[in-house]
Amino acid sequence: MSASLNAAVATATTTAQDPARTEPLAVLGRDVTVPLVTGGEVTYAALDYAASAPALQRVWDDVAAYAPYYGSVHRGAGYLSQLSTDLFEQSRATVAEFLDCRPSDQVVFTRSTTDSLNLLAAVIPADCQVFVFETEHHASLLPWTNAQVSYLNAPRTPDEAVATLERALADRDPYGPALVCVTGASNVTGELWPVKELAAAAHAHGARIVLDAAQLAPHHPVSVRDLGVDWVAFSGHKLYAPFGSGVLAGRADWLQQAEPYLAGGGASRKVSRREDGGVDVEWHTTAARHEAGSPNVIGVYSIASACRALTEAGFENLVAREQQLVARVREGLAEVPAVRVLSLFGDDAPRVGVISFVVDGWNSSHFAAALSAEYGIGVRDGLFCAHPLVRTLLGNEPQAQGECGAPEAAPGERSLNAIRVSFGAGTPDEHVERFVRAVKELVADGAKWQYRTEEGRCVPAV
């Protein structure tokens with residue numbers, strides 16, 4: 001496991017304030033009620049943070065306070081334009097500080113983690129080889145269409161992950177530029193990956209490494225310097241900051257040397273006509289080179305606001321409290337023999353608040369629908385945009401479809417899916433307790449309602 005990440009979890013758990021005294025951060029939607037098919041209403045338990053975390057109230061308030069002053073960025077001489085430009089660039093500095101970037105690093109604002117990694121895929125050298133484990137989210141697995149890609153088998157221990165990467169890098173031919181892409185925390189199992197050790201292995205073999213921190217940054221401090229990664233990517237919507245913005249932060253050289261990710265205003269420093277009628281363009285060498293068009297100022301500011309809120313709340317306290325929630329969920333699921341929790345590295349592996357499981361005798365779509373309709377609990381079911389990993393963890397054993405389930409598999413392919421519960425800094429204890437109770441009741445007593453499949457989703461029968 002990553003010594004730095006594991007040590008930080010242990011330190012937070014043992015030295016932070018009593019997590020029982022740490023209140024969840026205020027988030028939007030915490031008082032929303034939803035109807036139950038069995039009658040009445042209940043406060044909605046949002047336990048799908050790994051897909052999109054609810055917005056922090058602090059973020060919403062900051063954006064609302066700024067909104068009347070919204071103006072064009074880097075374009076205008078007016079007061080609101082100048083104010084918005086300052087806010088945009090201050091947000092860049094805030095993100096750099098949040099990630100503990102090196103002085104020479106660039107922070108490029110994108111739409112999401114997916115967009116960030118596609119941007120990096122567009123700027124890598126033409127002869128670059130990319131190494132990525134099959135365990136990655138599709139955002140990390142799929143962008144490298146113009147490179148020679150080596151997909152590495154799922155390791156079963158952190159040490160095996162490092163050894164697998166070292167062998168692959170040592171055996172590469174030809175020995176040219178190389179990039180390793182790895183997650184910080186799995187979006188399926190929540191397990192922490194040995195990022196610092198993988199970065200050291202990459203650099204020892206002349207390769208660079210990009211960290212997909214989409215599931216790590218919302219749950220855990222991320223230090224570019226300490227981990228030794230070359231780039232880090234994450235999404236605002238998983239960091240309690242809606243409005244569709246993301247980040248790619250790290251080394252500037254490949255970014256500066258490549259053609260802009262998008263061509264247009266903002267990326268260009270100077271444009272002139274040639275005598276032959278063509279156009280000459282001088283592109284920016286700053287982060288603006290890959291930020292063409294009018295930027296998403298609201299989205300960028302929301303990310304900066306979330307970074308400040310998490311830092312000011314004390315990440316050690318947030319980590320410690322989340323670890324108690326993780327322990328409660330895992331203990332509760334362990335008390336149900338029919339439940340199997342999915343894991344690569346084993347029960348003792350450190351993890352964030354993301355847990356996937358299957359239930360004997362239940363199609364996962366049916367189980368998730370019952371949690372929602374009968375208990376007001378929102379979870380995720382399916383393959384979580386990490387199809388190879390989930391199939392590996394499930395051992396390619398299909399679940400029974402029954403009368404209500406996920407869509408039929410493609411020809412020649414078995415039906416596989418799982419249930420994912422995820423939570424974080426805004427999760428009340430009651431939501432976790434309700435989830436554990438609901439799992440036990442559904443397994444023991446079955447669903448109270450009838451369900452049917454509609455357009456591939458399991459829904460309550462009317």
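Scroll up to find the structure.
Now for a quick tour of the structure. (Residues numbered from 1 in each chain as written. Predicted model: local features only at pLDDT ≥ 70, side-chain atom pairs only at ≥ 80, totals over all residues. Heavy atoms only, no water.)

**Notes on the overall build of the protein**
Within the protein one finds 14 helices and 19 strands. Taking 23 Å as the expected radius of gyration for a compact globule of 462 residues, we find that the protein reaches 23 Å, a close match to that expectation. With respect to the principal axes defined by its C-alpha atoms, the protein has extents near 80 × 55 × 50 Å. Looking at the protein as a whole, 55% of its 462 residues are labelled buried. (Helix = DSSP H or I, 4+ residues; strand = E, 2+ residues; numbered from the N terminus. Rg over C-alpha atoms; globule rule 2.2 N^0.38 Å. Buried < 20%, exposed > 50% of the residue type's maximum accessible area, 1.4 Å probe, protein only.)

**Focus: the environment of G299**
Its location among the elements puts G299 in helix 10 (residues 297–313). For G299, a relative accessible area of 0% translates into the label buried. C-alpha separation for the pair G299 and R75, spaced 224 residues apart in sequence, amounts to 18 Å. Non-local contacts of G299, meaning those with residues more than four positions away in its chain, are made with P242, F243 and S245. (Contact = heavy atoms within 4.5 Å.)

**Topic: the packing of helix 6 (residues 158–170) against helix 7 (residues 195–204)**
Where helix 6 contacts helix 7, the two axes come as close as 9 Å, and the packing angle between them is 15 degrees. Between helix 6 and helix 7, the interaxial angle falls into the category roughly parallel. The way helix 6 lies across helix 7 gives a crossing that is right-handed. In this structure, helix 6 contributes A161, V162, L165, E166 and L169 to the contact, and helix 7 contributes E197, L198, A201 and A202. Here the contact of helix 6 with helix 7 is built from residues that sort into 7 nonpolar, no polar and 2 charged. (Axes fitted to C-alpha atoms, helices over the stretch in contact; angles between N-to-C directions. Parallel < 35°, antiparallel > 145°, perpendicular 65-115°, else oblique. Left-handed = near helix turned anticlockwise from the far one by under 90°. Nonpolar A, V, L, I, M, F, W, Y, C, P; charged D, E, K, R; others polar.)

**Examining the pattern of salt bridges**
Applying the stated criterion across every chain, the model contains 26 salt bridges. Taking the shortest distance from any N to any O, the salt bridge between R102 and D105 comes out at 3.0 Å. When salt bridges with common partners are traced through the structure, they connect R58, D62, R308 and E312 into a single cluster. (Salt bridge = Lys/Arg side-chain N within 4 Å of Asp/Glu carboxyl O.)

**Notes on the sheet that holds strand 6 (residues 148–152)**
In any sheet, the strands associate via hydrogen bonds between backbone groups, in a parallel or an antiparallel arrangement. Read from one edge of the open sheet, 7 strands run 4-10-9-8-7-5-6, paired in mixed fashion. Each of the sheet's edge strands pairs with one partner strand only, and the pair in question is strand 4 (106–110) and strand 6. This sheet shows a mean twist of 20 degrees between the axes of neighbouring strands, independent of strand direction. Summarising the sheet, strand 5 (residues 129–133) and strand 6 pair through 5 bridges and their orientation is parallel. Bridging from a neighbouring strand, F133 pairs with L152 of strand 6. Contacting strand 4, strand 9 (231–235) and strand 10 (246–250), helix 3 (residues 79–98) runs over the sheet at an angle of about 115 degrees to strand 4. Contacts between helix 7 and the sheet are confined to strand 7 (178–183) and strand 8 (208–212), with strand 8 contributing the most and set at about 155 degrees to the helix. (Pairing = 2+ DSSP bridges.)

**Concerning the packing of aromatic side chains**
In total, this model carries 12 aromatic pairs according to the counting rule given. The interplanar angle of 20 degrees and the centroid separation of 5.8 Å between the aromatic rings of W60 and F243 together place this pair among those described as stacked. Here the residue W60 occupies a position in helix 2 (residues 57–66), and F243 occupies one in the loop between strand 9 and strand 10, the gap between them amounting to 183 residues. The class for F243 is partly exposed, based on a relative accessible area of 32%. Each residue in the set F357, W362, F367 and F435 is aromatic and connected to the rest through ring pairs, giving one cluster. Positioned above the aromatic ring of Y175 is the side chain of R172, whose terminal nitrogen or guanidinium carbon lies 3.9 Å from the ring centre. (Phe/Tyr/Trp six-rings, centres within 6.5 Å; stacked < 30°, edge-to-face > 60°. Lys NZ or Arg CZ within 6 Å of the ring centre and 35° of its normal.)

**Quick word on the sheet that holds strand 17 (residues 418–422)**
Read from one edge of the open sheet, 4 strands run 13-14-17-16, paired in antiparallel fashion. Unpaired on one side and paired on the other, strand 13 (339–341) and strand 16 (380–382) mark the two borders of the sheet. Strand after strand, the sheet turns through a mean of 30 degrees between neighbouring axes, direction not considered. Relative to strand 17, strand 16 runs antiparallel, the two being bridged by 3 bridges.

**Some remarks on empty space enclosed by the protein**
Where empty space is left in the structure can be found by rolling a water-sized probe over the atoms. One pass over the full model with this rule turns up 2 cavities of 30 Å³ or more. In this model, the largest cavity occupies a volume close to 50 Å³. Taken together, H74, R75, F88, G266, A288, E291, G293 and P295 make up the full set of residues lining the largest cavity. Counted as a void, the second largest cavity has a volume near 30 Å³. Contributing to the lining of the second largest cavity are L318, R321, E322, G424 and A425. Partitioned by chemical class, the residues of the lining of the second largest cavity number 2 nonpolar, 1 polar and 2 charged. (1 Å grid on protein atoms, 1.4 Å probe; cavity = no way out; pocket = protein on both sides within 12 Å on 5 of 7 lines; lining within 4 Å. Points joined across faces, edges and corners; volume = space filled by probe spheres on them.)

**Comments concerning the layout of surface pockets**
Computed from the structure, the largest pocket encloses a volume of approximately 390 Å³. If you go around the largest pocket, you meet 27 residues; those closest to its centre are H137, N187, K238, F384 and C385. Of all the elements in the fold, those that place two or more residues in the lining of the largest pocket are helix 4 (113–123) and strand 16. Here the lining of the largest pocket gets 3 residues from one element, more than from any other, and that element is strand 16. Of the residues belonging to the lining of the largest pocket, the class tally is 8 nonpolar, 13 polar and 6 charged. In this structure, the second largest pocket occupies an estimated 270 Å³ of space. Within the residue set of the lining of the second largest pocket, elements represented by two or more residues are strand 4 and helix 4.

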